[in-house]
Amino acid sequence: MKQVKNNIRRVCIFLCILFALLAAYGGYSITVNGNRWFSSGANTFVRSKKKDVIAGHILDRNGQVLAYNQQSQTAEGTKTTRLYHTDPLVRRAMVHVVGDSQGNVNNGVESFMASSLYGFQMSLVERFSCFFRGVQRTGDDVRLTLDSRLSAYASGLFPKGKAGALVVMNYKTGEMLAEISLPQYDPQNVTAQAKNDPQKPFYNRAVQGLYAPGSTFKIVTASSALENFTDAATRAWQCTGQLQVGDRFVTDAGTDMASGKIVSHGQLNLLRAFQVSCNNTFAQIALNLGDQKLKRTAENFGFNDNFLFRDVVVENSSYPRENRTEREIAWTGVGQSGLTATPLHMCMVASAVANDGVMMEPYTVMRTVSANGIMRTEAESRVYKTAMKPEAAQVLKGYMRTVVQSGTGTAAQIPGVQVCGKTGSAEVDTQENTNAWFVGFIDNDAHPYAISVVVEDAGGGGSVAAPIAKQVFQWMLNNGY
Amino acid sequence: MSGEAYELLAMLMRYVFVALGVVILLRAARQLQKDARAHKKEMKRLPDAGLIGEVVDLDTGKSQPLPREGLMGSGGGCDIRLKRRGVRRRHVLFEFVEGKGLKIKPHFGSKVAMEGVEIKAPAYALHGTNVTLGNAHIRIRLFAGLNVPNPAAFQMDVQPMYGEEEMVYADVPQPFEQVPQAMPVQMPVSRMPWDDAISPDEAVQQPGPQMPGQMAVPALEEEMPEDYVPYASPVVRHRRSERR
Amino acid sequence: MKEKNHKRRRSGPGRAMVSAVMLFFFLAFFLLFLQDFNWQSLALALIVPVIILFGSFGISRLFPADTLLLSLVNFLCALGVLVLYRLSPERGLTQALNYGVGVAAMIGCTLLIRYMPSFRFVNWAFMLGSVALLALPLLIGTERNGANSWITFGGRSFQPSEIVKIALLISMAHMLAKRKVILTMGFAAVCVLVLAVQNDFGTALLYFGTALVLGYAATGSVLLVGAGVGGAGAAVVLGNMIMPERFARAMSRVNVWLDPWQDVQGAGYQIVQGLIAMANGGLWGVGLGAGNATVIPEHYNDFIFAVIVNEFGMIFGLLVVLMYAFIMIRGIMIARNARTLFHALLATGCAAMIALQVFVIIGGNIKLIPLTGITLPFISYGGTSLVSSLCIIGIMQGVAARSEAGVNEDRELAMQGGGLK
């Protein structure tokens, strides 16, 4: 009896834990994911309330109106149409961030910020005052951190007909200045052609595109080496142009096994290997590190994490989890073989190097303001995670500077400021050419900007992506950033 | 009512609903707490609530309260705990059966004897029955007023070993002056300032040396339930209940 | 005179609590009346509080009741009627009738447990009857939502598994009190298997959990729990080998749980709409009558918690969860005060069953665990479910009444002088 009563007490504790779990998870999921679920396209509730509310405006950082309502009198009464920026180039450049009124883009501001734009954030007092004054409710204005002119300018730099993405963010605060994805379409006039385009213009490549990061991942591999090898900076590696792992080879760019043409770098140290982007060396580093250590560093940089940023919905980057062969590990060291990352995430990786190893959480909404001009919310910068030690970040920054000064990324040089970066040319099985990557930043406290550029199926990162980065930075410096 | 007006009213009312819900829950929590406390107090007032008697350990002279059903053995969760050689963790299952007595059911392979006769199948013990578990010798003592056959009239299938004078106590639901002195040892009493209700000659004492000023503690104190008050003599309890 | 003082007055919930419950439902139904000036709502606004008053105080004069338990249960039942009425008036009224039947059944169960001396002679009948009733849908059952566990009888359908709950609790407690552990677990395993064959995984999980909790309470053996979980694992593996296509169907549910957003319009539709409904509600809700939770399939049954969160908010939802927790704690208190092993285990089983049922369905709603279709006790629409939940409360009250009678006996014994023979 006594024993049974003691057991019953334990049963009670167990059941209480179950209830606590329910309460904790219920409260947690509503507060953390509530807005994501609310802004889902499947939510019929928001749609049913849209007619009661005049939606708020969407503005860019300089106050340019990106989306607004126009009321027109028709036979049936007042009709409200949602219009976008007057300049077609600008509204095309911003379409993936802003979204359109039909919800073609996932998680555009139009749908993700629906609770602000459609007045769900209004307090009861405000609603009462609207009700007694007999005014139709107006939603909040959303002001973004993005610069629409920069976006339009950057969109024009991409080679004609190529898909790709570009992200510019402030690495000290995390605010995003540009987030563009190509190809683009006109939100005010969604054509059938846009809907059927095989390049899928509705797809926001900057946050939804999962690409193999290619050589830009060498930043992470190098960081792992600096962290795990005491003599990382001085150790000498031997590059033969072809590294045999199992029965296959890890080759360098330019090496063609079939014709017997082999590019080899000879003996080099980590700096030199980074500068010339030597696959052979980084494959050896990955093998020496082992899968676990490399994975741990990658996870420090945010791979395999569930990104829950406040207003940017990003696909999760992945580092392959298990059952890996030596060859796959070797290829992982150079950013291939199952690794995926979004352009935004690679921009964050570059930001971490620039910002002494601290990764800031990216955000696009600067503030929301009610129709009466009352500030509703104002964004503040938050740290996302610390990716590496400041000393390692300093060393890596030096490596990345060398890449731009005298390595694969010389096309990104800008006289007068220090540009640091890393190029990448990621192989994709289904494409003829490699994806061109460039991630980098301006190493200057007055201009703390990081960039990430991807051009699909375009060739080498140094020749295609780096010039775009250079022009974007140049434009920003000329325009007072 | 118009949609907007109703919606505003409903939104206002939701705070009222939550507030009422909180009130209900707080009252319920208060009630739960109050009931738990009342039950504890009640159990203090009725120290033998749910018990049907006691088990006297004849080797040490200590007694333990006897619930309606449970386990005897040396394990920590046992209702009657006998830490002795030859007593297994779970030695015996017991259960009080109305009209028959305390059913003693040996666990498989346990050595149990009732009045010196080894038993394998369940057997009924009555007031005053001596039971041997391994090397432990105990005596079952049941409260008056229970629906149990009179041991004197009832022919058990085990041979009684006790002498006649003990048989005399057994058949009494009699006034308390004649309560049997089952305790093997009576010690001089230490009196605490706060237990003035107990006069020295009425309290049953623990055997063994005791420091003056030390409370009489039941055996195996670490295993006792919180609400167990050491079993005093029925006389004391009677007086207490009269005083209330 | 003295005697009277000693007789403990059965303490009930304070007037404040019952008044709060009455006010709650008066305001709620009155609010619904204001929405469309439907006189039925106004009538309910007046009648429901009266029923609650009777249900909390009056009823305790008819049979030995634990009034705190009753008031909490009344609140939840009335909340169910309110929410169902707001979604569809017919369902609400039917539920109110079901409640009447349930209360009668509850009183019956209380009296049964209070006065039945022993279940020794009916135990085998209970066991055989349970298995037979559970297996009945395999022969003449109708399928609903993929679970073949319903019987249609005279135009109305019901789930035998709801009724069997009661018999299962009694027999398991009875046999465990007699320390027939293997037999009990075997019996429970048969019931769980029959349910699993009918694809009624929610109820199977509930029975399984209750059996393990009770087994642990009776024996204190973690080994037993481990063996139970291991056995279930083995059964799943075996099931995979024997019936792979059915197993695949069960696995697809797990996949939907892991990421319902992959197929928002298809497999994940129900759970996604449930989550969205809760997100629409947020912490404070959209207001009673202002939500649109009817878009969720089975909103009146499996997803009633999502509807509550939608209209009353997550904070209120957590209060509801806490109320269930209080009912469970009250059950455990009753179990710990019980006089005999059988009654202690019986009350524990009841508390565990209610708690696990709440966990399984609310956990499924909020995507904590895979969704399995069972009802939320007291609130979900459905006669059988409401009646069986109230019967479980009836059993708890029977145990409480019995131990109270025992305490009264002891008190009298003490007054007579008590003591050793």
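Residues numbered from 1 in each chain as written. Chains lettered and ligands numbered in written order. Predicted model: local features only at pLDDT ≥ 70, side-chain atom pairs only at ≥ 80, totals over all residues.

A. Region of the structure containing the overall build of chain B. The number of helices and strands found in chain B is three helices and 11 strands. Secondary structure of chain B in N-to-C order comes out as α-β-β-β-β-β-β-β-β-β-β-β-α-α. Going through the 244 residues of chain B one by one, you find that 33% of them count as buried. Pairs at least 24 residues apart make up 45% of the contacts formed inside chain B by residues separated by at least 6 positions. (Helix = DSSP H or I, 4+ residues; strand = E, 2+ residues; numbered from the N terminus. Buried ≥ 20, exposed ≤ 12 C-beta atoms within 10 Å, placed from the backbone. Contact = placed C-beta atoms within 7 Å.)

B. Here's a closer look at the overall build of chain C. For chain C, the count of helices and strands is 16 helices and three strands. At 22 Å, chain C has a C-alpha radius of gyration in line with the 22 Å of a compact globule built from 421 residues. Structurally, chain C occupies a C-alpha span of about 75 × 60 × 40 Å along its principal axes. (Rg over C-alpha atoms; globule rule 2.2 N^0.38 Å.)

C. Region of interest: the interface of chain B and chain C. Listed by partner, the interface residues are 51 residues for chain B and 54 residues for chain C. Of all the secondary structure elements, the ones that give two or more residues to the side of chain B that touches chain C are α1 (3-45), β11 (136-142) and α3 (234-243) of chain B. Top contributing element to the side of chain B that touches chain C by residue count: α1 of chain B, with 26 residues. In terms of residue class, the side of chain B that touches chain C is built from 30 nonpolar, 10 polar and 11 charged. (Nonpolar A, V, L, I, M, F, W, Y, C, P; charged D, E, K, R; others polar.)

D. Structural context of the interface of chain A and chain C. Taken together, the contacts link 29 residues of chain A with 38 residues of chain C. At the level of elements, α1 (2-38) and α2 (44-49) of chain A are the ones that each hand at least two residues to the side of chain A that touches chain C. Here the residues of the side of chain A that touches chain C sort into 18 nonpolar, 10 polar and one charged.

E. The arrangement of the packing of helix α9 (residues 201-219) of chain C against helix α10 (residues 222-242) of chain C in detail. All names here are of chain C. Look at α9 against α10: their axes get within 9 Å of each other, and the N-to-C directions meet at 160°. Between α9 and α10, the angle falls in the class roughly antiparallel. When the axes of α9 and α10 are compared, the crossing they make is right-handed. Residues Phe208, Leu212, Gly215, Tyr216 and Thr219 of α9 lie in contact with α10, whose contacting residues are Leu224, Val225, Gly228 and Ala232. (Axes fitted to C-alpha atoms, helices over the stretch in contact; angles between N-to-C directions. Parallel < 35°, antiparallel > 145°, perpendicular 65-115°, else oblique. Left-handed = near helix turned anticlockwise from the far one by under 90°.)

F. Examining α1 of chain A more closely. The first and last C-alpha atoms of α1 of chain A sit 51 Å apart over 37 residues, in line with the 54 Å expected at 1.5 Å per residue. The largest bend in α1 of chain A comes to about 50°, at Val32 of chain A. (Expected span 1.5 Å × (residues − 1). Bend = angle between axes of the 7 residues up to and from the residue.)

G. Region of the structure containing the environment of Val197 of chain C. All names here are of chain C. Mapped onto the secondary structure, Val197 falls in helix α8 (residues 181-197). A residue is classified by how many C-beta atoms lie within 10 Å of it, and Val197, with 18 of them, is partly exposed. Taking C-alpha positions, Val197 is 17 Å from Glu162, a pair spaced 35 residues apart along the chain.

H. A look at the sheet that holds strand β1 (residues 51-57) of chain B. Residues and elements named next belong to chain B. The six strands lie next to each other as β2-β1-β11-β10-β7-β8, forming an open sheet whose pairing is antiparallel. Every other strand in the sheet has two partners, leaving β2 (63-67) and β8 (117-118) as the edge strands with one partner each. Where β1 meets β11, five bridges bridge the pair, whose relative direction is antiparallel. The residue bridging Asp57 from the neighbouring strand is Ile138, located in β11. (Pairing = 2+ DSSP bridges.)

I. Structural detail: the pairing of strand β14 (residues 365-369) of chain A. All names here are of chain A. Two strands pair when backbone bridges link them, and strand β6 (residues 141-144) and β14 are joined in this way by four bridges, in the antiparallel orientation. Residue pairing in the sheet places Arg143 in a bridge with Arg367 of β14. Pairing between β14 and strand β15 (residues 375-378): three bridges, direction antiparallel. Opposite Val369, over in β15, you have Met375 as the bridge partner. The loop that links β14 with its antiparallel partner β15 comprises five residues; one of these, Gly373, has a positive phi angle of about 85°.

J. Region of the structure containing unusual backbone geometry. Residues and elements named next belong to chain A. Geometrically, the link from Leu182 to Pro183 is a cis peptide bond, its omega value of -5° lying close to zero. As for its placement among the helices and strands, Pro183 is situated in the loop between β8 (176-182) and α9 (192-196). Although it is not a glycine, Ser337 sits at a positive phi angle of roughly 60°. Classification of Ser337 by C-beta neighbours within 10 Å gives partly exposed; the count is 17. The phi dihedral of Asp457 falls on the positive side, at around 55°, and the residue is not glycine. Following the sequence through the fold, Asp457 ends up in the loop between β19 (449-455) and α18 (461-478). Look at Asp457 and you get partly exposed, because 17 C-beta atoms sit within 10 Å.

K. How the structure looks around the sheet that holds strand β18 (residues 435-442) of chain A. All names here are of chain A. Read from one edge of the open sheet, five strands run β8-β7-β19-β18-β17, paired in antiparallel fashion. The sheet is open, and its two borders are formed by β8 and β17 (419-426), each paired with just one other strand. The mean angle between the axes of side-by-side strands here comes to 5°, regardless of whether they run parallel or antiparallel. Sitting on the sheet, helix α8 (residues 148-155) touches β7 (164-170) and β8, and the angle it makes with β8 is about 35°.

L. Representation of the nonpolar core in the model. The biggest cluster of nonpolar side chains holds 168 residues, and the ones touching the most others in it are Leu345 and Ala355 of chain C. Contacts of Leu345 of chain C, omitting those with residues within four sequence positions, involve Ala173, Leu176, Ala177, Leu214, Ala217 and Ala218 of chain C. Judged by nonpolar contacts, the second largest core, of 129 residues, contains Tyr118, Ala163, Ala352 and Ala387 of chain A. (Core = buried A, V, L, I, M, F, W, Y, C linked by C-beta atoms within 7 Å.)

M. Region of interest: the confidence of the model for chain B. Residue and element names in this part refer to chain B. Mean pLDDT over chain B: 68, with 61% of residues reaching 70 or higher. Mean pLDDT across the elements of chain B bottoms out in α3 (33) and peaks in α1 (90). Across residues 153-226, confidence stays below pLDDT 50; counting only partners more than four residues off in sequence or on other chains, it has 89 contacts. Note that pLDDT drops below 50 for residues 228-244; the model gives that stretch 36 contacts with residues more than four away or on any other chain. (pLDDT = per-residue confidence, 0-100.)

N. Inspection of the pairing of β7 of chain A at higher detail. Residue and element names in this part refer to chain A. Burial analysis of β7 places seven of its seven residues in the buried class, the great majority of the element. Burial along β7 is two-sided: the residues Gly164, Leu166, Val168 and Asn170 and Ala165, Val167 and Met169 are all buried. Looking at chain direction, β7 and β8 are connected through six bridges and run antiparallel. Paired with Val168 across the two strands is Ala178, which belongs to β8. Here β7 pairs with β19 via seven bridges, running antiparallel. Residue pairing across strands places Val167 opposite Ser452, the latter belonging to β19.

O. Structural context of the environment of Met94 of chain A. All names here are of chain A. Its place among the elements puts Met94 in the loop between α3 (88-93) and α4 (95-98). What makes Met94 buried here is the crowd of 31 C-beta atoms within 10 Å. With 91 residues separating them along the chain, Met94 and Tyr185 place their C-alpha atoms 9.6 Å apart. Beyond its immediate stretch of four places on either side in the chain, Met94 contacts Leu66, His85, Ser148 and Ser151.

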